[in-house]
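Summary of the model geometry
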Amino acid sequence: MMNAQRAQEISESPVIAKVMYNGERVYIQHVDANQATARIYPLDDPQKEQEVPLSSLVEQ
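All of the points below concern the structure found in this document. (Residues numbered from 1 in each chain as written. Predicted model: local features only at pLDDT ≥ 70, side-chain atom pairs only at ≥ 80, totals over all residues. Heavy atoms only, no water.)

Among the residues of helix α1 (residues 4–12), A7, I10 and S11 are the ones counted as buried. Buried residues of α1 fall within an arc of 95° about the axis and therefore sit on the same side. Facing away from the buried side of α1 by over 90 degrees, the exposed positions are Q5 and E12. Here the buried face of α1 lies against β1 (19–21), β2 (24–32) and β5 (57–59). (Buried < 20%, exposed > 50% of the residue type's maximum accessible area, 1.4 Å probe, protein only. Helix = DSSP H or I, 4+ residues; strand = E, 2+ residues; numbered from the N terminus. Arc of directions from axis to C-beta. Contact = heavy atoms within 4.5 Å.)

With that settled, the discussion passes to the sheet that holds strand β4 (residues 50–53). One open sheet holds the 5 strands; their spatial order is β4-β3-β2-β1-β5, and the pairing between them is antiparallel. If you trace the sheet from one side to the other, it starts and ends with β4 and β5, each paired once. Taking the axes of each pair of neighbouring strands and ignoring which way they run, one obtains an average angle of 50° across the sheet. Pairing of β1 with β2 involves 3 bridges; the strand directions are antiparallel. Bridged to V19 within β2 is V26. (Pairing = 2+ DSSP bridges. Axes fitted to C-alpha atoms, helices over the stretch in contact; angles between N-to-C directions.)

Written out as structure tokens, the structure is:
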């Protein structure tokens, strides 16, 4: 489970961290700490943006 602070650090870093959502590697575009959600998209499909709970993201 990822916390909001770590998700924010990842989203601001120029290095793409290895973050997984449902077994798929994703990019964190934006973090909403108040809602405990993140806007993400799969690395291979940037058009597939979605808002997910931070608790569903796993850093490897």
